[in-house]
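Report on the structure
Next come the chains, spelled out residue by residue.
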Amino acid sequence: MRLCSDRYTDEEARKKLSHKLELRRYEHSLGVAYTACSLFMAHGHDTPEELSRAYTAGLLHDCAKCLTDEERDKYIRRYGVELSRTEKENPYLIHAKLGAVLAKEKYGVTDPEILSSIRWHTTGCADMTFLEAVIFSADFIEPNRKPLIILPEVRTLIYTDLDRAVCRILEQTIVHLNNKGMAIEEHTLEACDFYKKKIMRRRKQD
Ligand SMILES: [Fe+2]
Ligand SMILES: [Fe+2]
């Protein structure tokens, strides 16, 4: 695959990434990259350029996931990354925002939509672009994911109706976080509300 990077070939980037991530996380990243490509193809976006963008965003979406606390804090300071209260209280969320920064600074990715797809892959946000929605949902359905009750339904739905699949994932994420007593990012709530309304509007038009 061609990587959308000013600095690295795909092979070089994969080698670098494999040294930065645990094996399980690296395999998940490859899973997201190829799942994103398959979603692009299924939805009629199958030019080499489009597939490269899907692949690059998928491959690098978790590039900041396996940092030590010290490394993470160093990069936050170095690149002036501003954190929300929820991110400060739930540091696992930081890897999305920081991942977008590192994809640019460490992997030479300049395409703003690839970077925003990495930025929003964990929480989602309202009115995502096609690439953003694909990376958000590919992260949830890729083949290495442990089986969840809604996975079969979402894995089928996603190839015909991306909005409804995104909505199901957001609903499930909110239920899961509530059950675990964990904080929910406002972007996730806004996204869920947005997609529910969008689907309702679509139903009225049909
Ligand atoms: Fe992630
Ligand atoms: Fe991920």
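Residues numbered from 1 in each chain as written. Chains lettered and ligands numbered in written order. Predicted model: local features only at pLDDT ≥ 70, side-chain atom pairs only at ≥ 80, totals over all residues.

Attention shifts here to the environment of A191. When you line up the elements, A191 lands in helix α11 (residues 186–205). According to the C-beta neighbour criterion, A191 is buried, with 26 such atoms within 10 Å. Each C-alpha atom, one on A191 and one on V166, is 9.1 Å from the other, the two residues being 25 residues apart in sequence. In contact with A191, other than residues within four places in its own chain, are G124, C125, A126 and L170. (Helix = DSSP H or I, 4+ residues; strand = E, 2+ residues; numbered from the N terminus. Buried ≥ 20, exposed ≤ 12 C-beta atoms within 10 Å, placed from the backbone. Contact = placed C-beta atoms within 7 Å.)

Moving on: the environment of E49. Note on placement: E49 falls in helix α3 (residues 48–60). Separated by 47 residues in sequence, E49 and R2 have C-alpha atoms that sit 8.4 Å apart.

With that settled, the discussion passes to the packing of helix α7 (residues 112–119) against helix α8 (residues 130–141). At their nearest, the axes of α7 and α8 sit 8 Å apart, and the two run at 35 degrees to each other. The chirality of how α7 crosses α8 is right-handed. Together, E113, S116 and S117 of α7 and L131, E132 and I135 of α8 make up the contact between the two elements. Tallied by class, residues from the contact of α7 with α8 come to two nonpolar, two polar and two charged. (Axes fitted to C-alpha atoms, helices over the stretch in contact; angles between N-to-C directions. Left-handed = near helix turned anticlockwise from the far one by under 90°. Nonpolar A, V, L, I, M, F, W, Y, C, P; charged D, E, K, R; others polar.)

Next up on the list: the environment of A126. With respect to the element layout, A126 can be found in the loop between α7 and α8. Note on A126: 16 C-beta atoms within 10 Å, which makes it partly exposed. Taking C-alpha positions, A126 is 8.8 Å from L189, a pair spaced 63 residues apart along the chain. Not counting residues up to four positions away in its chain, the partners in contact with A126 are E190, A191 and F194.

α3 packs onto helix α2 (residues 23–42) with a crossing angle of 150 degrees between their chain directions and a minimal axis gap of 7 Å. By the angle between their directions, the pair α2 and α3 is classed as roughly antiparallel. Where α2 crosses over α3, the two elements pack in a sense that is right-handed. Along the contact surface, α2 presents S29, L30, V32, A33, T35, A36, C37 and F40, while α3 presents E50, L51, A54, Y55, A57, G58 and L59. In terms of residue class, the contact of α2 with α3 is built from eleven nonpolar, three polar and one charged. (Parallel < 35°, antiparallel > 145°, perpendicular 65-115°, else oblique.)

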